[in-house]
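Next come the chains, spelled out residue by residue.
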Amino acid sequence: MGFPKNFLWGGATAANQYEGAYNVDGRGLANVDLLPAGEDRRAVVCGEKKMFDFQDGYFYPAMNAIDGYHRYKEDMALFAEMGFKTYRMSISWTRIFPNGDEEMPNEKGLKYYEDVFKECKKYNIEPLVTISHFDVPMYLVEKYGSWRSREMIGFFEKYCRTILTRYKGLVKYWLVFNEINMILHAPFMGAGLYIGDLDEKEAERVKYQAAHHELVANALAVKIAHEIDSENQVGCMLAGGKHYPYSCDPNDVLVSQLRDREDYFFSDVQARGEYPSYMLRKFEREGIQVDFEEEDIEILKENTVDFISFSYYMSRVGTANPEIAEQTTGNVFDSVKNPYLPSSEWGWQIDPVGMRVILVELYDRYQKPLFVVENGLGVNDIPDSEGNINDDERINYLTDHMKAMKDAIDLDGVPVMGYTMWGCIDIVSAGSGEMKKRYGFIYVDRDNLGNGTLKRTKKKSFDWYKKVIASNGEIL
Ligand code: P53
């Protein structure tokens, strides 16, 4: 027993956190370029502070990131050396359609990813491609207000058709929207929505209307992918992590269950093909007017995803007791602190058992194959006097989470397709904008302000992960 023979071990990155080269080869500006480092980042990410262009006095870490655009061959060789079976990456929408509404795609952008996929093939690495890892062309944000407008569906459909056609035979595994539920918590980073000028009720309506458009676009992407190549497998992608009741007070249990539904709403639609009754009731009760077109119901119903993917960093806690207010820090998902769990340097609580809990829960709920497409630990790794990085804390974190995943496979019978460790090479942190929040097996010489040689160095975990993959998880 243990991990299945064809288990897809690998690592994950996202275009805006990895590539840099934000204005090279005709690439257009995207929302994700405009998230500044520093204390205003959160307000921009959450759509409260408007940042539609670069402003003086700010540093924008995604502009150059770790220059993966020019260094992917060197990085891919290192992934191959670790034995990666898969590499999760994302396509930057504005490399393909710089404004989002062009008649013809940008050939330089298309060619770039074709080269990347060919490089994967050279090493027998199966690409797992996110179609939108939070990015939206700024032109569409300014002209249409991003996903609040139904017009977005058509632009996205065209983008999907273009890449699915071009990369037929090179890519088989696709994810449509990264962490689709992020739209409720970080609307500008997650979906290009600026809502700072709206009252609370209108902001809520806009978020759900935009979510509906994304859900329809997701279903159309599934449809197109299946039409273009019946080999294609398309997954949804959820920011995962269950809410545990703070106590066994039934009211805490209920609150936790209700909070989980804010996340499961998305995968419920994507996996089951219809709006869950609890969400329709919520819209009715709270007077949230979400416009549906007649055809949407059928589109959603007929184009459900093939598998469920998710990120898992931490579990969350729900309580009905307003006096329990100690919050965890550093994540856009607010949660009460769990007294049983330790925290990372960034205040993210560490809970390997929660990996098994979420795997079991998602499989119970959907009975579709699961894919763990993000998991990992952000640490401020500091090279010692010899330049070595002994990241034992990361190795322990990953070992514990992989063991929990193995339990879910072995003891619970959950079908897990693969595991891609987040930030397999150090990249810019999405939440904090820092470079020093590092996840990688590979260290990158760059600091929070963009200084450094960008030199890549293997950490201790590099050889450890190589052994994990070579033994198909047996050495854990
Ligand atoms: P960082 C929280 C906040 C921001 C993005 O996060 C997040 C989460 C976790 O649910 O989502 C994913 O870099 C995301 C990645 C991101 C990763 O978590 O803030 O898909 O883009 O880098 C880790 O430590």
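Structural data are supplied above this passage.
Criteria and cut-off values
- Counting of residues starts from 1 at the beginning of each chain's written sequence and follows it residue by residue.
- Thresholds applied to this predicted model are a pLDDT of at least 70 for local features of residues and 80 or more for the giving and counting of side-chain atom pairs; totals over whole chains, interfaces and linings are not thresholded and use all residues.
- Derived side-chain values reflect all non-hydrogen atoms in the structure, with water molecules and hydrogen atoms excluded from consideration.
- Proximity is defined per residue: any heavy atom of the residue falling within 4 Å of a molecule or strand makes that residue near it.
- Two N or O atoms count as a polar contact when they lie within 3.5 Å, although within protein this holds only if one can serve as hydrogen donor and the other as acceptor, and sequence-adjacent residues are included solely when both atoms are side-chain atoms.
- Each Phe, Tyr or Trp ring (for Trp, its six-membered ring) is paired with any other whose centre lies within 6.5 Å, and the angle between the two planes then decides the class: stacked below 30 degrees, edge-to-face above 60, tilted in between.
- Note on classification: 1.4 Å probe, protein chains only; a residue is buried when its accessible area is under 20% of the maximum for its type, exposed when over 50%, partly exposed between these limits.
- The helix and strand labels rest on DSSP assignments: H or I over at least four residues marks a helix, E over at least two residues marks a strand, and numbering proceeds from the N terminus.
- When the NZ atom of lysine or the CZ atom of arginine is within 6 Å of a ring's centre and also within 35 degrees of its normal, the charge is said to sit over that ring.
- It is the directions from the helix axis to the C-beta atoms that the arc portrays.
- What makes two residues a contact is simply this: any of their non-hydrogen atoms within 4.5 Å.
- Following DSSP output, two strands are said to pair if at least two bridges run between them.
- Axes here refer to lines fitted to C-alpha atoms; in helices the fit is confined to the stretch in contact. Angles between the N-to-C directions go from 0 to 180 degrees.
- We call a set of buried Ala, Val, Leu, Ile, Met, Phe, Trp, Tyr and Cys residues a nonpolar core when their side-chain atoms join them within 4.5 Å.
- Here the word oblique covers every angle except those under 35 degrees (roughly parallel), over 145 (roughly antiparallel) and from 65 to 115 (roughly perpendicular).
- Note on convention: near helix rotated counterclockwise from far helix by under a right angle means a left-handed crossing. Clockwise means right-handed.
- Should a side-chain nitrogen of Lys or Arg be within 4 Å of a carboxyl oxygen of Asp or Glu, the pair is scored as a salt bridge.
- Residues form patches when they are more than 30% accessible in relative terms and have no salt bridge. Like charges link within 9 Å. Nonpolar side chains (Val, Leu, Ile, Met, Phe, Trp, Tyr) link within 5 Å.
- The method behind every accessible area is Shrake-Rupley, applied with a 1.4 Å probe, and residues are considered shielded solely by the protein chains displayed.

Visitor: Could you give me a rundown of the site of the ligand, with the residues and numbers involved?
Guide: The environment of the ligand is formed by 19 residues, the closest being Q17, E179, E374, K437 and Y439. Interatomic distance of 2.5 Å between a side-chain N/O atom of Y439 and an oxygen atom of the ligand.

Visitor: Describe the packing of aromatic side chains, with residues and values.
Guide: Think of a pair of aromatic rings as described by two things: how far the centres are apart, and how the planes are tilted against each other in angle. Applying the stated criterion to the full structure yields 35 aromatic pairs. When the ring of F3 is compared with that of F7, the centres are 4.9 Å apart and the planes differ by 50 degrees; the resulting orientation is tilted. As far as burial versus exposure is concerned, F3 and F7 are alike and both buried. When the centroid spacing of 5.4 Å and the interplanar angle of 85 degrees are considered together, the rings of W147 and F177 count as edge-to-face. Of this pair, W147 sits in the loop between helix 6 (138-144) and helix 7 (151-166) while F177 sits in strand 4 (residues 173-177); the two residues are 30 residues apart in sequence, bridging distant segments of the chain. Pairwise contacts between aromatic rings join F3, F7, W9, F79, F84, Y87, Y419, F441, W464 and Y465 into one cluster. Taking NZ or CZ as reference, R95 lies 5.9 Å from the ring centre of Y112, over its face. K437 extends its terminal NZ or CZ atom over the ring of W348, reaching a point 3.6 Å from the ring centre.

Visitor: Hey, could you go over helix 12 (residues 294-302) for me, with residue numbers and the actual values?
Guide: Regarding helix 12, the residues found buried are D296, I299 and L300. Each buried residue of helix 12 sits inside an arc of 95 degrees when the element is viewed along its axis, so together they form one side. Along helix 12, the residues that are exposed and aim more than 90 degrees away from the buried face are E294, I297, E298 and E302. Contacts made by the buried residues of helix 12 are with helix 9 (200-228) and helix 10 (250-272).

Visitor: I'd like a description of the sheet that holds strand 1 (residues 8-12), backed by residues and values.
Guide: Spatially, the eight strands close up into a barrel ordered 1-2-3-4-5-7-9-10, and their pairing is parallel. In this sheet, neighbouring strand axes are inclined to one another by 25 degrees on average, regardless of whether the strands run parallel or antiparallel. Note: strand 9 (residues 370-374) against strand 10 (residues 416-422), two bridges, orientation parallel. Note that in strand 10 the partner of V372 across the bridge is Y419.

Visitor: Which residues make up the nonpolar core, and what values do they have?
Guide: Counting residues in each nonpolar core, the largest one holds 154 residues, and the members touching the most others are W147, Y167, M405, Y419 and Y465. In this view, Y419 contacts F7, L8, W9, G10, M355, F371, V372, N375, L398, M402, M405 and Y465; residues no more than four positions away in its chain are not counted.

Visitor: Would you mind going over the packing of helix 9 against helix 11 (residues 277-286) in detail, with residue names and values included?
Guide: Look at helix 9 against helix 11: their axes get within 12 Å of each other, and the N-to-C directions meet at 150 degrees. By the angle between their axes, helix 9 is roughly antiparallel relative to helix 11. When you trace helix 9 past helix 11, the crossing you get is left-handed. For the pair helix 9 and helix 11, contact is made by K201, E204 and Y208 and by M279, K282, F283 and E286, respectively.

Visitor: Please set out the pairing of strand 4 residue by residue, giving values where relevant.
Guide: Burial analysis of strand 4 places five of its five residues in the buried class, which makes it a mostly covered element. In the sheet, strand 3 (residues 126-132) pairs with strand 4 via four bridges, with the strands oriented parallel. Looking at strand 4, one finds that L128 is bridged to Y173. Bridge count for strand 4 against strand 5 (residues 233-240) is three bridges, and the pairing is parallel. Bridging from a neighbouring strand, Y173 pairs with Q233 of strand 5.

Visitor: Give a detailed account of unusual backbone geometry, specifying residues and quantitative values.
Guide: The backbone of D25 shows a phi angle near 55 degrees, a positive value even though the residue is not glycine. Its location among the elements puts D25 in the loop between helix 1 (15-18) and helix 2 (41-45). Unlike most non-glycine residues, F134 shows phi in positive territory, near 75 degrees. One can find F134 in the loop between strand 3 and helix 6. The buried category is assigned to F134, whose relative accessible area is 4%.

Visitor: How would you sum up the pattern of salt bridges? Please name residues and give values.
Guide: A full pass over the atoms with the stated rule returns 34 salt bridges. Among the ionic pairs, K158 bridges to E103, the shortest N-O distance being 3.9 Å. One end of the pair, K158, is in helix 7; the other, E103, is in the loop between helix 4 (93-96) and helix 5 (107-122), and 55 residues separate them in sequence. Taking the relative accessible area as the measure of exposure, K158 reaches 31% and is therefore partly exposed. Classification of E103 by relative accessible area gives exposed; the value is 64%. Within the structure, one salt-bridge network assembled from shared partners comprises D381, D391, R394, D426, R438 and K459.

Visitor: Requested: an account of a nonpolar patch on the surface, with residues and values cited.
Guide: A contiguous nonpolar patch, built from L280, F292 and I297 and spanning about 270 Å² of accessible area, is present on the exposed surface. One can find F292 in the loop between helix 11 and helix 12. Classification of F292 by relative accessible area gives partly exposed; the value is 32%.

Visitor: Describe the side chain of Q209, with residues and values.
Guide: As for its position among the elements, Q209 is in helix 9. Look at Q209 and you get buried, because its relative accessible area is 5%. In this structure the side chain of Q209 is engaged in a polar contact, spanning 2.7 Å, whose partner is the backbone nitrogen of D291. Discounting chain neighbours no more than four positions away, the residues touching Q209 are W147, R148, Q289, V290 and D291.

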